[in-house]
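Reading the structure
Below are the chains, spelled out letter by letter.
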Amino acid sequence: MKLSNQQIDHVRKLIDAGGITIQSLKDDVLDHLCCVVEIKMTQGKTFDEAVHESVYELAPNGLEEIQNETIFLLNSNKIIAMKRIMYFIGMLSAMSFVLGWTFGMLHWLGATELSVGGFLGFVLIFIPLYTIDYFKVKIQRALSEKLRLIFGISSALLVAASVIFKLLHLSGADLLLLSGAGLFVFGFLPFLFFTMYKKSIA
């Protein structure tokens with residue numbers, strides 16, 4: 001059974017709404033879904049039933065997952081290299097901070113440099129890279145969850161900056177600390193508990 005132009009347009013709109021933006025991938029998915037829908041309709045399924053089953057069989061977690069997997073396969077070497085660099089920076093920063101803290105306890109030279117350097121590396125390099133990676137992977141997250149992450153990261157950066165300002169005896173540390181605490185209390189926490197509430201009643 002061949003689909004009508006109206007039915008093909010319906011499938012095309014479904015693909016557009018699914019979040020696929022690569023045109024060549026759209027065309028391939030459209031061809032595949034139309035073929036499967038036609039087969040299912042010859043088996044006695046209605047058009048809507050055939051479309052629903054075909055989409056679910058192809059992408060149980062949503063059509064956008066196909067694009068994400070395609071992009072990952074096309075850029076897997078770059079993505080893996082970036083992840084290695086990101087986690088290596090995170091590891092070195094954490095090691096530097098812990099060593100600096102240990103040196104400080106033992107009153108050895110270089111304690112402040114190691115602590116501040118490790119702290120800055122972790123907060124200003126690792127956390128932003130990790131956030132970018134998170135958004136690329138979790139692009140289907142709800143807006144409330146994205147805002148929660150933004151407020152959480154921002155408050156952490158402000159508190160981290162206040163700690164550094166305190167260590168270096170710079171002015172403005174108290175203002176940074178209050179700003180970070182304010183973002184955490186009035187930005188991060190409301191979205192955190194709102195997300196928890198939504199999941200509890202879902």
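Presented here is a report on the structure given in the accompanying data block. Remember, it's a predicted structure, so these values are computed and weren't measured experimentally.

Moving on to helix H2 (residues 23-42). Between its first and last C-alpha atoms H2 spans 29 Å; for 20 residues at 1.5 Å apiece the expected length is 28 Å, and the two agree. Every buried residue belonging to H2 is among Leu 25, Lys 26, Val 29, Leu 30, Leu 33, Cys 34, Val 36, Val 37, Lys 40 and Met 41, and all of these are buried. Gly 44 sits one or two positions beyond H2 and adopts a positive phi of about 105°.

Turning next to the packing of H2 against helix H3 (residues 47-58). The contact between H2 and H3 brings their axes to 9 Å, and the two run at 130°. Comparing the axis directions of H2 and H3 gives the class oblique. Our pair here, H2 against H3, has a crossing hand that is right-handed. Taken together, the residues of H3 that come into contact with H2 (itself represented by Val 29, His 32, Leu 33, Val 36, Val 37, Lys 40 and Met 41) are Phe 47, Ala 50, Val 51, Glu 53, Ser 54, Val 55, Glu 57 and Leu 58. Residue classes in the contact of H2 with H3 are distributed as 10 nonpolar, 2 polar and 3 charged.

Inspection of the secondary structure puts Lys 40 in helix H2. Contacts of Lys 40, omitting those with residues within four sequence positions, involve Lys 45, Ala 50, Glu 53, Ser 54 and Glu 57.

Next up on the list: the pattern of salt bridges. Counting across every chain of the model gives 6 salt bridges. Taking the shortest distance from any N to any O, the salt bridge between Asp 9 and Arg 12 comes out at 2.8 Å. Pair noted here: Asp 9 and Arg 12 are both in helix H1 (residues 5-17), with a separation of 3 residues, about one helical turn. Assessed through its relative accessible area of 36%, Asp 9 is described here as partly exposed.

This paragraph deals with the environment of Gly 100. Along the chain, Gly 100 turns up in helix H5 (residues 76-105). Given a relative accessible area of 2%, Gly 100 falls into the buried group. Sequence-wise, Gly 100 and Val 11 are 89 residues apart; in three dimensions their C-alpha atoms are separated by 59 Å. Filtering out sequence-adjacent residues up to four positions away, Gly 100 remains in contact with Ala 111, Leu 114 and Ser 115.

Any two packed helices are characterised by the angle at which their axes cross and by the distance between the axes. For the pair H1 and H3, interaxial distance at closest approach is 12 Å and the crossing angle is 35°. When you trace H1 past H3, the crossing you get is right-handed. Contacts between H1 and H3 involve Gln 7, His 10, Val 11 and Leu 14 on the former and, on the latter, Phe 47, Val 51 and Val 55. The class makeup of the residues in the contact of H1 with H3 is 5 nonpolar, 2 polar and no charged.

Turning to the side chain of Ser 93, a few remarks are in order. Relative to the helices and strands, Ser 93 is located in helix H5. Here Ser 93 falls in the buried class, since its relative accessible area comes to 7%. Not counting residues up to four positions away in its chain, the partners in contact with Ser 93 are Gly 118, Gly 121 and Phe 122.

In this structure, Val 11, Ile 15, Val 29, Val 37, Phe 47 and Leu 63 are the most contacted members of the largest nonpolar core, which totals 18 residues. The set of elements that each furnish at least two residues to this core consists of H1, H2 and H3. The element that contributes the greatest number of residues to this core is H2, accounting for 7 residues. Leave out the neighbours within four places in its chain, and Phe 47 touches Leu 3, Gln 7, His 10, Val 11, Val 37 and Met 41.

Right, let's talk about a nonpolar patch on the surface for a bit. A surface patch of nonpolar side chains, amounting to about 460 Å² of accessible area, comprises Val 159, Val 163, Leu 167, Leu 168, Leu 170 and Leu 177. Considering each element in turn, the nonpolar patch owes the most residues, 3 residues, to helix H7 (residues 143-167). Tracing the backbone through its elements, the reader meets Val 163 in helix H7. Judged by its relative accessible area of 34%, Val 163 is partly exposed.

Attention shifts here to the environment of Thr 70. Summarising the element assignment, Thr 70 is placed in helix H4 (residues 64-74). A residue is classified by how much of its surface remains accessible, and Thr 70, at 24% relative accessible area, is partly exposed.

The rules behind each value
Residues numbered from 1 in each chain as written. Predicted model: local features only at pLDDT ≥ 70, side-chain atom pairs only at ≥ 80, totals over all residues. Heavy atoms only, no water. Helix = DSSP H or I, 4+ residues; strand = E, 2+ residues; numbered from the N terminus. Expected span 1.5 Å × (residues − 1). Buried < 20%, exposed > 50% of the residue type's maximum accessible area, 1.4 Å probe, protein only. Axes fitted to C-alpha atoms, helices over the stretch in contact; angles between N-to-C directions. Parallel < 35°, antiparallel > 145°, perpendicular 65-115°, else oblique. Left-handed = near helix turned anticlockwise from the far one by under 90°. Contact = heavy atoms within 4.5 Å. Nonpolar A, V, L, I, M, F, W, Y, C, P; charged D, E, K, R; others polar. Salt bridge = Lys/Arg side-chain N within 4 Å of Asp/Glu carboxyl O. Core = buried A, V, L, I, M, F, W, Y, C linked by side-chain atoms within 4.5 Å. Patch = residues over 30% accessible without salt bridge, like charges linked within 9 Å, V, L, I, M, F, W, Y side chains within 5 Å. Areas by Shrake-Rupley, 256 points an atom, 1.4 Å probe, with all protein chains shown as cover.

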